[in-house]
Amino acid sequence: MCGIVGILGKGPVADKVIEALHRLEYRGYDSSGIASLEAGRLEVCRAEGKLRHLEAKLDRHPLHGDIAIGHTRWATHGKPTERNAHPHATRRVAVVHNGIIENFRELKLELEALGVSFQSETDTEVVAQLVDRALLEGKSPVDAVASVLPRLRGAFALAFLFDGQDDLLIAARRGSPLAIGYGDGEMFLGSDAIALGAFTNRIAYLDEGDWAVLTREGVVMHDEHGAIVQRPVQTVPAGALLVDRGNHRHFMAKEIYEQPEVIGHTFGHYIDLENETMALPDLPFDPRTVKSISITACGTAFYAGAVAEYWFERFARIPVSLDIASEFRYRETPLDPDGVTIVISQSGETADTLASLRYAKECGQKVVAVVNVPTSTIAREADAVLMTLAGPEIGVASTKAFTCQLATLACLAVSLGRTNEHLSREDERRLVRALMETPRLMTEALKLAPEIELLARTLAKARDVLYLGRGTAYPLAMEGALKLKEISYIHAEGYAAGELKHGPIALIDETMPVVVIAPFDRIFEKTVSNMEEVAARGGRIILVTDPKGAEAAPVDAVQKLILPEMPATIGPMVYSIPAQLIAYHTAVIMGTDVDQPRNLAKSVTVE
Ligand code: M6R
């Protein structure tokens, strides 16, 4: 949610902190700040809004310290103002925080009763004040932090910098990720390895409950009981840490255009091309005895799960129950101890998805995680991990991660179907050949961009947009609508086309664009009836289909986006491209902040 950085350097580190914060802006960007030691004394600089506002302030009042912590914020408690921006500091300690301190109200009351006055509306400030009091009582910085951590409830990552301590940073992790970077006479701290990519590729991850004491010589890590522990230092491949926009105006555009390539990588990972068979790693369950699968995720990842529901049921004949993770985790649904839960997450850090994983494990289930970040908490806690090889996704609106999730889930569904013998060897070969056509057909789909750019000029004037689809195009309709509202701020909803006359048809008039996602298939005719119903009420239809569908759509008020004919299984991946381009070009025309839309964060580590 928020991004945290800490650096113990050899010279002034403010520029490095800013560089790392830029890499973390995907986690939050409504305010930012830095605290460093200037001649041994704590100094803080904070700014409301984007990181460039902080940079402008630092240009006017540079910081020269060789030790600092920094933060980029996604507001949870308290408005995104400068007063609420991190670091929060007293005279003795400064703290940056990602996550939520759930018991901050009671702690605040306790501190206020002792005469402490608060400067911000945040939950974070109680941490600074508690540590400050422990320091005042004469505790050392390490003892002060160690005494405060057990008093905090919630999910968080914290970093502390202390007045007069120019060779000490303390970090703590409970529920939110933290990476430690090893330099040569320097040490680093970041919410993820990408933040530290410009400085080091030697990274260790704190485990749940760990806290760490960093000096320039190294780090001493403790587990939640205070025992000293070692966490493995990994060398992260350099390419994995470096991301830029290439020739594109936005990360989102770059990520949309990367899809043919990354989908190819993902299939290459799970398919034995020579033998045209699925080649998934061993799974911790036997598909022949699994009676049902639960799928849970949030946002776009949930829609990937909703598409996969059709595949698991069709290819493997295993019934699926599908849940939004924030509901699943609290629903106390009884889970068969011999069953399987699949969690899907780009970041691998989404709080509700992680909690759902833990719930399923407590119920005795095996958990398979489909994730894009291999070092993430979800990847580490799952019984089996199926990586999506989308590469780092920076745009807040998920695009390539979504289609790589679909690719991975399609491979899993076919593989399960083959193992439990609902699919024959010939079926598998046919499906593998179909899947391998995806990158080429995605490249074709990208050629619709100029047409979609024109269409977006009209869409940008709409107040509401409806998306309709049947079968796997139904979750895709919901994903298309989510994409549009996320980045253009136009209200949009996705519906199962058959549901139209059960309510949403009341919304249709001549001002309402209706995007219909409908490849020509066995239920196309049903969707034609729905289009007729829309046209009869003056609705403006945008039909995303193939040549046969375009010919068979008899309604007048139709603008058509025509994709090549393709096997039904790969439709959700290829049809994602026009859905993403519609949202992207509409947002560009509206002049919104495409990569960092308001109020959103890339990684939602709070519930
Ligand atoms: O990292 P995750 O895949 O777990 O994230 C889940 C959602 O927060 C995410 O898909 C969100 O809906 C995106 N902004 C959609 O574009």
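This text goes with the structure placed above it.
First, a word on scope: everything that follows refers to the structure included in this document. Note that the structure is a prediction, hence the values are computed from the model and not measured. (Residues numbered from 1 in each chain as written. Predicted model: local features only at pLDDT ≥ 70, side-chain atom pairs only at ≥ 80, totals over all residues. Heavy atoms only, no water.)

Enumeration over the complete set of coordinates arrives at 5 aromatic pairs. A ring pair is formed by Phe-188 and Phe-199, whose centres lie 5.1 Å apart and whose planes are at 15°; its orientation type is stacked. Separated by 11 residues along the polypeptide, Phe-188 in strand β10 (residues 187–190) and Phe-199 in the loop between β10 and β11 (202–205) bring together distant segments of the chain. Plain terms: the ring middles of Phe-302 and Tyr-303 are 5.7 Å apart, the flat faces sit at 65° to each other, and that makes the pair edge-to-face. Residue Phe-302 shares its accessibility class with Tyr-303, and that shared class is buried. (Phe/Tyr/Trp six-rings, centres within 6.5 Å; stacked < 30°, edge-to-face > 60°. Helix = DSSP H or I, 4+ residues; strand = E, 2+ residues; numbered from the N terminus. Buried < 20%, exposed > 50% of the residue type's maximum accessible area, 1.4 Å probe, protein only.)

Viewed as axis vectors pointing N to C, helix α16 (residues 449–459) and helix α20 (residues 571–590) meet at an angle of 55°, and their least axial separation amounts to 8 Å. Considered as vectors, α16 and α20 are oriented oblique to each other. At the point where α16 passes α20, the crossing takes the right-handed sense. Of the residues in α20, those touching α16 at Ala-449, Ile-452, Glu-453, Leu-455, Ala-456, Arg-457 and Leu-459 are Pro-578, Leu-581, Ile-582, His-585, Thr-586 and Ile-589. Its residues placed into classes, the contact of α16 with α20 shows 9 nonpolar, 2 polar and 2 charged. (Axes fitted to C-alpha atoms, helices over the stretch in contact; angles between N-to-C directions. Parallel < 35°, antiparallel > 145°, perpendicular 65-115°, else oblique. Left-handed = near helix turned anticlockwise from the far one by under 90°. Contact = heavy atoms within 4.5 Å. Nonpolar A, V, L, I, M, F, W, Y, C, P; charged D, E, K, R; others polar.)

Moving on to the nonpolar core. Soluble globular proteins tend to pack their nonpolar side chains together in the buried interior. In this structure, Trp-311, Phe-312, Ile-342 and Met-573 are the most contacted members of the largest nonpolar core, which totals 105 residues. Among the elements that line this core, the one with the most residues is helix α13 (residues 400–419), at 11 residues. Taken together, domain 2 (245–436) and domain 3 (445–595) each give at least three residues to this core, which thus spans both. Ile-342 has contacts with Ile-293, Ser-294, Ile-295, Thr-296, Phe-312, Val-368, Val-370, Leu-409 and Leu-412, leaving out every residue within four places of it along the chain. Within the second largest apolar cluster, 29 residues are counted, among which are Val-93, Ile-101, Leu-111 and Val-116. (Core = buried A, V, L, I, M, F, W, Y, C linked by side-chain atoms within 4.5 Å. Domains from an automatic or database assignment.)

Near the ligand there are 14 residues, and of these Ser-345, Gln-346, Ser-347, Thr-350 and Glu-486 occur at the shortest range. Interatomic distance of 2.6 Å between a side-chain N/O atom of Ser-345 and an oxygen atom of the ligand. Alone, the ligand offers 410 Å² of accessible surface; in the complex the protein occludes 91% of this. Residue assignment for the shell around the ligand shows that the elements contributing at least two residues are α9 (299–316) and α17 (473–488). Take the shell around the ligand: its biggest share by element is 3 residues, from α9. The residue makeup of the shell around the ligand, split by class, is 5 nonpolar, 7 polar and 2 charged. (Near = heavy atom within 4 Å. Polar contact = N/O pair within 3.5 Å; in protein donor to acceptor, adjacent residues only side chain to side chain. Areas by Shrake-Rupley, 256 points an atom, 1.4 Å probe, with all protein chains shown as cover.)

This part takes up the packing of α9 against α13. Where α9 contacts α13, the axes come no closer than 9 Å and their chain directions differ by 20°. Taken together, the axes of α9 and α13 are roughly parallel relative to one another. Like other packed secondary-structure pairs, α9 and α13 cross with a definite hand, here right-handed. Across the interface between the two elements, Thr-300, Ala-301, Tyr-303, Ala-304, Gly-305, Val-307, Ala-308, Trp-311, Phe-312, Phe-315 and Ala-316 from α9 touch Phe-402, Gln-405, Leu-406, Leu-409, Ala-410, Leu-412, Ala-413, Val-414, Leu-416 and Gly-417 from α13.

Relative to strand β19 (residues 320–324), strand β18 (residues 293–297) runs parallel, the two being bridged by 5 bridges. Across the sheet, the residue bridging to Ile-295 is Leu-322, located in β19. With α9 bridging β18 and the parallel β19, this β-α-β connection has right-handed handedness. (Pairing = 2+ DSSP bridges. Right-handed = clockwise from strand over helix to strand, strands pointing away.)

Here we come to the environment of Gln-346. Its location among the elements puts Gln-346 in the loop between β20 (340–345) and α11 (351–362). The exposure class of Gln-346 is buried, given its relative accessible area of 12%. It is 10.0 Å that separates the C-alpha atoms of Gln-346 and Ile-378, two residues lying 32 residues apart in sequence. Of note is the side chain of Gln-346, whose polar atom sits 3.1 Å from the side chain of Asn-372.

In the structure shown here, the tally under the stated rule is 35 salt bridges. In this structure, the salt-bridge partner of Glu-258 is Lys-400, at a minimum N-O distance of 2.7 Å. Here Glu-258, found in the loop between α7 (251–257) and α8 (259–270), pairs with Lys-400, found in helix α13; they are 142 residues apart in sequence, far enough to count as distant. For Glu-258, a relative accessible area of 17% corresponds to the buried category. Accessibility expressed as a relative area gives 3% for Lys-400, which makes it buried. Notably, a salt bridge pairs Glu-276 with Arg-429, separated by 3.6 Å at the nearest N-O pair. (Salt bridge = Lys/Arg side-chain N within 4 Å of Asp/Glu carboxyl O.)

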